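Structure at a glance
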Amino acid sequence: MDESNKRQRTTSSNNELHINNIPDGLAVGISSYLAKPSVALFAIAMSPNNSQEQTEISKAIISATNWNILDFSDIEKSLAAKLSDDDIAKILRYFNVHSKLTVLKLAGCVNITGSGLNMLRSSFAIQQIDLSLVGKHEAPLIEPEPLLSQDAMLPILDGIISLGGGSSLKQLEFPKKWRETQQAHSWINS
């Protein structure tokens, strides 16, 4: 490489391809190879300082994806285990899923208490919620014990079930530790 090419490359920083300057079509193309939870995190990452403000790129990514089902078993367990209630809440708010999401499966999200799901309280669309925190065909034994809290979740579930126009909820899967406690049994029977 001659010296003039090298100099031209280092001085033309305004023309450099940066992740925040990629064309919308390229971002949508990249996201088409990702699992939905990863698409959500990618679109959020494309926002300034991971804010709730959607950029043109993140809007294009969102509009190119069907948000009826959000299944965290589609991503690596190690990533799902790192997600916090704030991360889950940001995904739900960012995509306005309370009116779109019909199935939510939180497989591997062992680091959440459930408070990040508060937005679902007003969801007429949600039909299935899997709080078991395990994927298909996995044993329901999780070590260490997950953080998912009945105190955080039961008011949210109660809000979904007692919606004024009627709830769409058809299936609800509890974590194994809840199925064995009296508090969950009394809530289910009420």
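All figures in this text were calculated on a predicted structure; none of them were measured in a lab.

On to the overall build of the chain. Of the regular secondary structure elements, the chain holds nine helices and four strands. N-terminal to C-terminal, the α/β element order of the chain is α-α-α-α-β-α-α-β-β-α-β-α-α. Expressed as a percentage of the 190 residues in the chain, the buried residues total 41%. Across the chain, contacts joining residues at least 24 apart in sequence account for 76% of those joining residues at least 6 apart. When the accessible area of the chain is evaluated, it comes to approximately 10,700 Å², of which 50% is carbon and sulfur surface.

Right, let's talk about the side chain of Thr102 for a bit. Relative to the elements of secondary structure, Thr102 occurs in the loop between helix H6 (85-94) and strand E2 (103-105). Using a relative accessible area of 18% as the deciding quantity, one classes Thr102 as buried. Residue contacts for Thr102: discarding those within four places in its chain leaves Asn68, Ala125, Ile126, Gln127 and Gln128.

A separate point is the layout of surface pockets. In this structure, the largest pocket occupies an estimated 220 Å³ of space. Its volume calculated, the second largest pocket comes out at about 180 Å³. Around the second largest pocket, the lining residues are Ser132, Pro140, Leu141, Ile142, Glu143, Glu145, Pro146, Pro175, Lys176, Lys177 and Glu180. For the lining of the second largest pocket, the class distribution of residues is five nonpolar, one polar and five charged.

Attention now goes to the pattern of salt bridges. Overall, the coordinates contain two salt bridges when judged by the stated rule. Close ionic contact of Glu56 with Lys59 constitutes a salt bridge, the shortest N to O distance being 3.8 Å. Pair noted here: Glu56 and Lys59 are both in helix H4 (residues 56-63), with a separation of three residues, about one helical turn. Owing to a relative accessible area of 54%, Glu56 belongs among the exposed residues under this scheme. A relative accessible area of 39% places Lys59 in the partly exposed class. A salt bridge links Glu145 to Lys177; the nearest nitrogen and oxygen atoms lie 3.6 Å apart. Of this pair, Glu145 sits in the loop between strand E3 (128-130) and helix H7 (150-161) while Lys177 is found in helix H8 (residues 176-179), placing the two residues 32 residues apart along the sequence.

On to the side chain of Thr55, then. Relative to the assigned elements, Thr55 resides in the loop between helix H3 (36-45) and H4. Within the local environment of Thr55, its side chain forms a polar contact with the backbone oxygen of Met46, the two atoms lying 3.4 Å apart. If near-sequence neighbours (up to four positions away) are discounted, Thr55 is found in contact with Met46, Ser47, Pro48 and Tyr94.

Contact pair H3 / H4: the axes reach a minimum separation of 8 Å and the direction vectors enclose 160 degrees. Taken together, the axes of H3 and H4 lie roughly antiparallel to each other. The chirality of how H3 crosses H4 is left-handed. Each of Val39, Phe42 and Ala43 in H3 lies in contact with H4, whose residues at this interface are Ser58, Ile61 and Ile62.

This brings us to a nonpolar patch on the surface. Residues Leu26, Ile30 and Leu34 make up a contiguous nonpolar surface patch of roughly 220 Å² in combined accessible area. The residue Leu34 is located in the loop between helix H2 (24-31) and H3 in this model. Accessibility expressed as a relative area gives 35% for Leu34, which makes it partly exposed.

Parameters at a glance
- Residues numbered from 1 in each chain as written.
- Predicted model: local features only at pLDDT ≥ 70, side-chain atom pairs only at ≥ 80, totals over all residues.
- Heavy atoms only, no water.
- Helix = DSSP H or I, 4+ residues; strand = E, 2+ residues; numbered from the N terminus.
- Buried < 20%, exposed > 50% of the residue type's maximum accessible area, 1.4 Å probe, protein only.
- Contact = heavy atoms within 4.5 Å.
- Areas by Shrake-Rupley, 256 points an atom, 1.4 Å probe, with all protein chains shown as cover.
- 1 Å grid on protein atoms, 1.4 Å probe; cavity = no way out; pocket = protein on both sides within 12 Å on 5 of 7 lines; lining within 4 Å.
- Points joined across faces, edges and corners; volume = space filled by probe spheres on them.
- Nonpolar A, V, L, I, M, F, W, Y, C, P; charged D, E, K, R; others polar.
- Salt bridge = Lys/Arg side-chain N within 4 Å of Asp/Glu carboxyl O.
- Polar contact = N/O pair within 3.5 Å; in protein donor to acceptor, adjacent residues only side chain to side chain.
- Axes fitted to C-alpha atoms, helices over the stretch in contact; angles between N-to-C directions.
- Parallel < 35°, antiparallel > 145°, perpendicular 65-115°, else oblique.
- Left-handed = near helix turned anticlockwise from the far one by under 90°.
- Patch = residues over 30% accessible without salt bridge, like charges linked within 9 Å, V, L, I, M, F, W, Y side chains within 5 Å.

Read these as layout, nothing more, since geometry by itself doesn't imply function.
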